[in-house]
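Coordinate analysis (summary)
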Amino acid sequence: MAEAADFQGTSPSPARRWLRRTGAVLAGAPLLAGFLQLPAGSPAEAATPAAPRAASDDGSVAVSVDSLTPGAPSEGDTVTVSGTVTNKGKKAVTDASVGLRVGSLLDTRSSIDTAAKDSGDVDSPAGTEIDDKYTEKFSKLTPGVSQPYTISVPADELDLGQNGVYDLSVTLTGETSDQPWEQTLGVRHTFLPWQPDELDAKTKTTFMWPLVSTVHMTAETGSDEEQTPVFHDDELAAEISPGGRLDRMVALGKDLDVTWVIDPDLLASVEAMTTRYEIPGENTDDQDVVGGHQEVAKRWLTEVQKAVADKEVVALPFGDPDLASLAHHGTSVTGSLRHLKEATDVAARTVESILHVVPSTDYAWPVEGSVDPSIIKVATSAGADKVIVRGDTFEGGRDLTYTPTAPRPIGGGTTAVVADARLSTVFDGDMTRASASTQAVQRFLAQSLTLALQTDRPRSVVVAPQRTPSAAQAQTMAEAIGALQDSTWSQPQDLTAAAKSKPDPAAGTDVPPASAYPKSLRKQELPRSAFEQIARTQDKLDRFKVILSDQSRVVTPFGRALNRGMAASWRGRPAEAAIYRSGVETYLDTLSSQVRLIEKSETKLSGRSATIPVTVQNNLVQGVEHLVLRLTSTNPTRLQIDGDAYEEQPVAVSGGHSQSVKFTTNANANGRATVVAQLYTQDGRPYGQPVTFDVKVTEITATVMLVIGGGVLLLVLAGFRMYTQRKRAAARQAEEREQDDAADEADADAADKGAKNPAVSETRPTGESAPGTREDAPEQPSDPAPDTAPESADPSGTGERVDR
């Protein structure tokens, strides 16, 4: 048994490995040698095993396989393996040698998984070493220093037997100062698919190529005619710029036979960047910054158009909504499924208008292909009849020794398109290291060939990779697809053809129960509060849009923003998701508040009736209409509005203007009355905040009116008396002047006669008044009254009430 444990390709037991690792120390100790009564001899001779032995499970030298070409060789090819060896220990390695070993045939998919898991274990079987001439020697490996290697071997020298996948390992052997014998110090296992001849029944492979990103656009747009879009960051520009993630996805995918799976929101966002767009608060003044990547956006869209020409395009619902979150937390919130339907309806129009191709909208793709009955129900509620699921969450079938074909009818006219889990997840992880990328490509090819050799049945296989591959992951995927398309066991097929292929009657069709849904995915779902906030924002939008003269300026950007609020890309980012949703709602509130009533102070009302104006202000750039302004008296017994408790008047205000609406009021009693002004939409829903103000009523009573009327009458009579008195005085003065004139004439005649007869003349004393004209004569009742002064035009004195 000890000999068998040291044979190449045979794995020793853990106890045997421990004894073998400590054997050198025990054999080299003189005291132990004497104690055991062993014959004298050199420690090296006593400790040297029959074959190279391992220093540790991981090895003290790290071996990487950075390149293996071709990935699936055929007869006549030369296999070239290159990489690096790095001494991780503290001792220098001498007499080092890097060689290739071909191990056993891995004829099951699970054996490939096991080999991949133990790819660096020096104790795992390494197979037979190829001829010594196909090795690379190193006299010394210094600790911490890496050395490159390259080994090229003709495929015929690999001594490959039957078709299948072989364990190919690169091993490093050498010596150290404390263990001066040849031993395996490092190893790296990889996979070598061998299928030189064309298979009669090739596997039809569908590879989904996703163009999906995170959310970048906000609901905000500029007030200009073009409605300049606003982005919350400029990260999308980096993704579509040369060398960016999405740029690499397009550049790599255009030469591959793949099915493009596209989120229409990504296309709409990039198209918005082709003109003017803004980013808020990107400079020191916290002012909007104009994005400057218009040419980059135009170029990227042009490249996408070229890449998808004559290729199948599947459009996800706009914004790529999280179907699982919606199923588990959103269906109980009214209106949530409405957003999914809108996102599905707008998807086809968006893709067709930008890429000029007609996409398929028949597919739903839950996160990581994990489903339960509620997810299936939600996924198909918007019209999709095919759900892309993953094999590790879907039962394969009873007693099947092969992987069944992708389509599975699950009832109700719905087909579950089951993606192969091993092929779909092999590109997860960090692919920036060449060794990791090469290992992923070889593992992908190995799993694909092993699947193809399982049965002679014709099968359709679907590969659904991660939603947002990195640039390095995309590069690795492209290399794997390119090698597969050149292989002898697979041929490409689009997703629609795969979904329509004949299902395997032995395959399982039971949808996993809710309890089987992965807990790790459930923890990342959007909470119920997220859907409640979306529903609340939608309700506000419905009330706002009905008053607008051009609803599309608001409905379209906000509708798409609400779709983005339930995107699958928010998983694992709950804080960012909440900030985005709150930003959408806050901005809508800001716009709605631009149409409002102007506050009023207390109004005084004197008299039985008066007119009260209420002003409506519209600070939007577009006009508002279909509004009704209602003025209500809270005390109609004291103050009525147009003879009732309230009055309504229609309102229409142009953009950037105000309008005063006048209401007729009637007072019935003195005192204060509270009045409430409120805008309503035509369907009777309140709009905006009400304005409340007081009206102080000072009513004029009937007694006051009689007093005022009597006073007016007395003034009229007094004026008439003054008029008649003036008229009589004027007549008397005229009569007196006539009498004086007659007397003067008589005196003149008498004077003339006296001149002729002086005896007749009579001399009157100087200064004596004529008879009847003495100033000191007593006044007679018939004397005329003095003139009355003219009526004053000055205001009435304090306390007087004048009817004006």
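Per chain, the residues get numbers from 1 upward, laid out in the order the sequence is written. pLDDT decides what is reported in this predicted model: residues at 70 or higher carry local features, side-chain atom pairs at 80 or more are listed and counted, and totals for whole chains, interfaces and linings draw on all residues regardless. Hydrogens and water are ignored here; the side-chain numbers use all heavy atoms of the structure.

Strand pairing is defined by DSSP finding a minimum of two bridges between the two strands. Helix and strand labels come from DSSP, where a helix needs a run of H or I of at least four residues and a strand needs a run of E of at least two; each type is numbered from the N terminus. What the three strands build is an open sheet, ordered β2-β3-β7; its pairing is antiparallel. Of all strands in the sheet, those bounded by a partner on one side alone are β2 (61–69) and β7 (146–154). Strand-to-strand, the axes of this sheet are offset by a mean angle of 20 degrees, without reference to chain direction. Where β2 and strand β3 (residues 78–87) come together, eight bridges link them in antiparallel fashion. Bridged to Thr69 within β3 is Thr80. With axes taken as lines fitted to C-alpha atoms, and helix axes fitted only over the stretch in contact, angles between N-to-C directions fall between 0 and 180 degrees.

Here four strands make up an open sheet; going across it, the order is β23-β25-β29-β27 and the pairing antiparallel. Pairing within the sheet leaves two strands with one partner each, and these edge strands are β23 (595–597) and β27 (639–641). Ignoring strand direction, the axes of neighbouring strands in this sheet form an average angle of 35 degrees. Where β27 meets strand β29 (residues 657–667), three bridges bridge the pair, whose relative direction is antiparallel. Bridge pairing links Ile641 to Thr665 in β29.

This next bit is on unusual backbone geometry. At the junction of Thr69 and Pro70, the peptide bond is cis and its omega measures out at -15 degrees in the coordinates. Along the chain, Pro70 turns up in the loop between β2 and β3. The residue His356 is not glycine, and still its phi comes out positive at about 60 degrees. Within the secondary structure, His356 sits in the loop between α11 (336–355) and β17 (363–364). Non-glycine residue His626 carries a positive phi angle of around 60 degrees. Buried, partly exposed and exposed residues are distinguished by accessible area as a fraction of the type maximum, computed with a 1.4 Å probe on protein chains only: under 20%, between the cut-offs, and over 50%, respectively. The partly exposed category is assigned to His626, whose relative accessible area is 35%.

This part is about the pairing of strand β10 (residues 203–211). Counted residue by residue, β10 has eight buried out of nine residues, so it is predominantly covered. Direction of pairing for β10 relative to strand β22 (residues 490–492): parallel, over a ladder of three bridges. Its bridge partner being in β22, Lys204 is matched across the sheet by Gln491.

Take the pattern of salt bridges next. Only one rule defines a salt bridge in this text: a Lys or Arg side-chain nitrogen within 4 Å of an Asp or Glu carboxyl oxygen. Throughout the structure, instances matching the rule amount to 31 salt bridges. Put simply, Arg390 and Glu368 hold a salt bridge, and the shortest N to O gap is 4.0 Å. Here Arg390 is found in strand β18 (residues 386–390), whereas its partner Glu368 is found in the loop between β17 and α12 (373–381), with 22 residues between them in sequence. A relative accessible area of 14% means that Arg390 is categorised as buried. Residue classification places Glu368 among the partly exposed positions, given a relative accessible area of 41%. We note a salt bridge from Glu648 to Arg630, for which the minimum N-O separation is 2.5 Å. Note that Glu648 is positioned in strand β28 (residues 646–653) and Arg630 in strand β26 (residues 624–633), a separation of 18 residues in sequence. Residue Glu648 is classed as partly exposed on the basis of its relative accessible area, which comes to 38%. Judged by its relative accessible area of 23%, Arg630 is partly exposed.

Turning our eyes to something else, we now look at the confidence of the model for the protein chain. Here the protein chain shows a mean pLDDT of 84. Residues at 70 or above account for 81%. The quantity called pLDDT is the predictor's confidence in a given residue, expressed from 0 to 100. Between two residues, a contact is recorded if the distance between any of their heavy atoms is within 4.5 Å. Low pLDDT, under 50, characterises residues 1–56; the stretch is placed with 54 contacts to residues that sit more than four places away or in other chains. The low-confidence segment residues 282–287, where pLDDT is below 50, has seven contacts with residues more than four positions distant or belonging to other chains.

On to the packing of helix α18 (residues 528–545) against helix α19 (residues 552–564). Contact geometry for α18 and α19: axes closest at 11 Å, N-to-C directions at 175 degrees. In this view, α18 runs roughly antiparallel relative to α19, as classed from their interaxial angle. Contacts from Ile534, Thr537, Gln538, Leu541, Phe544 and Lys545 of α18 reach α19 at Val554, Val555, Phe558, Gly559 and Leu562. Its residues placed into classes, the contact of α18 with α19 shows seven nonpolar, three polar and one charged. In what follows, roughly perpendicular refers to angles from 65 to 115 degrees, roughly parallel to angles under 35, roughly antiparallel to angles over 145, and oblique to any angle outside these ranges. Residues are grouped as follows: Ala, Val, Leu, Ile, Met, Phe, Trp, Tyr, Cys and Pro are nonpolar; Asp, Glu, Lys and Arg are charged; every other residue, Gly included, is polar.

For the rest of this paragraph, the subject is a nonpolar patch on the surface. Patches here: salt-bridge-free residues with over 30% relative accessible area, like charges joined within 9 Å, nonpolar side chains (Val, Leu, Ile, Met, Phe, Trp, Tyr) joined within 5 Å. Under the convention used here, a 1.4 Å probe and the Shrake-Rupley method define accessible areas, while residue burial counts only the protein chains that appear. On the surface, Leu713, Leu714, Val716 and Leu717 cluster together into a nonpolar patch covering about 410 Å² of accessible area. Residue position: Leu717 is located in helix α21 (residues 702–756).

Before going further, it helps to examine a negative patch on the surface. Taken together, the side chains of Glu75, Asp131, Asp156, Glu157, Asp159 and Asp197 make up a negatively charged region of the molecular surface. With respect to the secondary-structure elements, Asp131 resides in the loop between β5 (128–129) and β6 (136–141). Of the residues examined, Asp131 reaches a relative accessible area of 42% and is grouped as partly exposed. Lys and Arg are tallied as positive, Asp and Glu as negative. Neither His nor the chain termini are counted. Charge positions are represented by NZ for Lys, CZ for Arg, CG for Asp and CD for Glu.

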